[in-house]
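So the chains spell out like this:
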Amino acid sequence: MAFLQIISDNIVPLLVFVAIGYLLDLRYHLDVISLNKLTFFVVLPSFIFYSIYVAEIDMTLLNVFLMAFVQMFLIALAAWSYGKFRGMPVGKIECLKNGTMFSNNGNIGIALIALVFGNAPYVIDGGTPYLAQASACATILLVQMNMTLNTLGLYQAGKGKLTPRDAISVIFHMPVIYTLVAVFTIKFSGFDMTQVFLWPVFENCANALVSIVMLALGIQIHRSTIVFRDIDAWVGCTIRLVIAPLLAYLLLLVSDLAELHLSPVLKQTILIMASVPGAVNSVLYAVEFHNFEDFATELVMMSTFLSCITMTGVIYLARVLFPIG
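How each quantity is defined
- Residues numbered from 1 in each chain as written.
- Predicted model: local features only at pLDDT ≥ 70, side-chain atom pairs only at ≥ 80, totals over all residues.
- Heavy atoms only, no water.
- Phe/Tyr/Trp six-rings, centres within 6.5 Å; stacked < 30°, edge-to-face > 60°.
- Helix = DSSP H or I, 4+ residues; strand = E, 2+ residues; numbered from the N terminus.
- Buried < 20%, exposed > 50% of the residue type's maximum accessible area, 1.4 Å probe, protein only.
- Expected span 1.5 Å × (residues − 1).
- Bend = angle between axes of the 7 residues up to and from the residue.
- Polar contact = N/O pair within 3.5 Å; in protein donor to acceptor, adjacent residues only side chain to side chain.
- Axes fitted to C-alpha atoms, helices over the stretch in contact; angles between N-to-C directions.
- Parallel < 35°, antiparallel > 145°, perpendicular 65-115°, else oblique.
- Left-handed = near helix turned anticlockwise from the far one by under 90°.
- Nonpolar A, V, L, I, M, F, W, Y, C, P; charged D, E, K, R; others polar.
- Salt bridge = Lys/Arg side-chain N within 4 Å of Asp/Glu carboxyl O.
- Patch = residues over 30% accessible without salt bridge, like charges linked within 9 Å, V, L, I, M, F, W, Y side chains within 5 Å.
- Areas by Shrake-Rupley, 256 points an atom, 1.4 Å probe, with all protein chains shown as cover.
- Core = buried A, V, L, I, M, F, W, Y, C linked by side-chain atoms within 4.5 Å.
- Contact = heavy atoms within 4.5 Å.

## Structural notes on the packing of aromatic side chains
A complete count under the given rule lists 9 aromatic pairs for this structure. With a centroid separation of 6.2 Å and 10 degrees between ring planes, the pair formed by phenylalanine 49 and tyrosine 53 is classed as stacked. Of the two residues, phenylalanine 49 and tyrosine 53 are both situated in helix 2 (residues 32-54); the distance of 4 residues between them amounts to about one turn of the helix. Of the two residues, phenylalanine 49 and tyrosine 53, both sit in the buried class.

## Focus: helix 11 (residues 231-257)
For helix 11, built from 27 residues, the straight-helix expectation of 39 Å at 1.5 Å per residue is met to within 8% by its first-to-last C-alpha distance of 37 Å. Bending of helix 11 peaks at approximately 35 degrees at the position of isoleucine 243, with proline proline 245 no more than four residues after it. Among the residues of helix 11, the N-terminal cap falls to aspartate 230, whose side-chain oxygen and the backbone nitrogen of aspartate 232 are separated by 2.9 Å. Looking at the residues trailing helix 11, positive phi occurs at glutamate 259, about 55 degrees.

## Describing the packing of helix 2 against helix 10 (residues 199-223)
Orientation of helix 2 relative to helix 10, taken along the N-to-C sense of each, is 140 degrees, at an axis distance of 7 Å. When the axes of helix 2 and helix 10 are compared, the pair comes out oblique. Taken as a pair, helix 2 and helix 10 cross one another with a handedness that is left-handed. Its residues assigned to classes, the contact of helix 2 with helix 10 shows 21 nonpolar, 2 polar and 2 charged.

## Here's the deal with the environment of threonine 310
Structurally, the position occupied by threonine 310 is in helix 14 (residues 293-321). As a C-alpha pair, threonine 310 and leucine 241 span 69 residues in sequence and 6.6 Å in three-dimensional space.

## Here's the deal with the pattern of salt bridges
Counted by the stated rule, this structure contains 6 salt bridges. With a shortest N-O distance of 2.9 Å, arginine 86 and aspartate 232 are connected by a salt bridge. Of this pair, arginine 86 sits in helix 3 (residues 62-86) while aspartate 232 is found in helix 11, placing the two residues 146 residues apart along the sequence. Judged by relative accessible area, which is 43%, arginine 86 ranks as partly exposed. A network of salt bridges, in which partner residues are shared, links Arg86, Lys92, Asp230 and Asp232.

## Details of helix 10
For helix 10, built from 25 residues, the straight-helix expectation of 36 Å at 1.5 Å per residue is met to within 8% by its first-to-last C-alpha distance of 36 Å. The sharpest bend along helix 10 reaches about 40 degrees and sits at leucine 209.

## Some words on a nonpolar patch on the surface
The grouping of Val12, Val16, Ile20, Leu24, Tyr28 and Leu30 at the surface amounts to a nonpolar patch, some 480 Å² of accessible area in total. Within the fold, valine 16 resides in helix 1 (residues 2-28).

## Re the nonpolar core
Among the nonpolar cores identified, the biggest contains 98 residues, and Val64, Leu217 and Ile270 are the most heavily contacted of them. Setting aside its immediate chain neighbours within four residues, isoleucine 270 contacts Val64, Met67, Cys137, Leu141, Ala248, Leu252 and Leu262.

## Quick notes on unusual backbone geometry
Unusually for a residue other than glycine, aspartate 125 sits at a positive phi of about 50 degrees. Along the chain, aspartate 125 turns up in the loop between helix 5 (105-117) and helix 6 (131-149). The exposure class of aspartate 125 is exposed, given its relative accessible area of 83%. Its identity is not glycine, yet phenylalanine 292 carries a phi of approximately 55 degrees, on the positive side. Here phenylalanine 292 is to be found in the loop between helix 13 (281-288) and helix 14.

## Some thoughts on the environment of lysine 267
Considering the arrangement of structural elements, one finds lysine 267 in helix 12 (residues 264-273). Counting along the chain gives 27 residues from lysine 267 to arginine 240, while the straight-line C-alpha distance between them is 19 Å. The residues touching lysine 267, leaving out its near neighbours within four places in the chain, are Leu252, Asp256, Leu262 and Phe322. Polar side-chain contacts of lysine 267 include one of 2.7 Å to the side chain of aspartate 256.

## Points about the side chain of threonine 312
As for its placement among the helices and strands, threonine 312 is situated in helix 14. A polar contact of 2.9 Å, which involves the side chain of threonine 312, links it to the backbone oxygen of cysteine 308.

Note that every value here comes from positions in space, so none of it alone points to a role or purpose.
What follows is the structure, encoded as structure tokens:
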């Protein structure tokens, strides 16, 4: 039942948007470049600003934030090592790194945590006593993912087609980095953005991110040659869906040795969030820089489909490995 609920509540709605994008492009041949520009310069900055501003950031979760960086580095190292072993071109290695380092935390991860800790066996006397702590942890992981995906991810996507200097220049021409500076400045200054006339703009644009990004993915699938026989895509899925949760588990064991005293709720949340499939934005970046678009699309779509099975398994293991109560 939990398996079917995860699929129906989280995976199927995303696939519906993908199907709509695919069918619309099949019929009307949409302008994906304009859609990407809309995402990069309006929708994505609004989503980042909104999600970080409303997040309740507890400084005691700093250890979780730092652990996420360590895990991301180890995943990138695994992807880079495999790419070098296979003799991949630089662009494809960077594409593999983007598809494995970064996950779909904003679309799937946050909703998945709400589903897990908002339902049995974690409902007690009609309440959800563990949901707030789990949501705070998931939000911290989302902030970390947003910060790195929209800076380092952009750099890596352009690295295959641009010089490092030009790739860095592209980042500074994107509004995302300035959005991050602005939102943290405003948030910690105590200024109330919700009373400003622009707040509904941020809120509505943020709500549009999932639909627009998944529609763009559907368009890209229609224009890509996806055969699901690329061994590199299968290995990328293994890194994202199997090795990433395994690394998270090992880091949690290290955290115990370091006496960080993370609660079982935090441990379960970290492990579950590590099992989320590849970030759809990595496909948008590949399209933007014309850098192995078909490979990026295949990797993200395969990891999304396969995560229906692997995420369910990780949720079960999280309960067994880190029991609450």
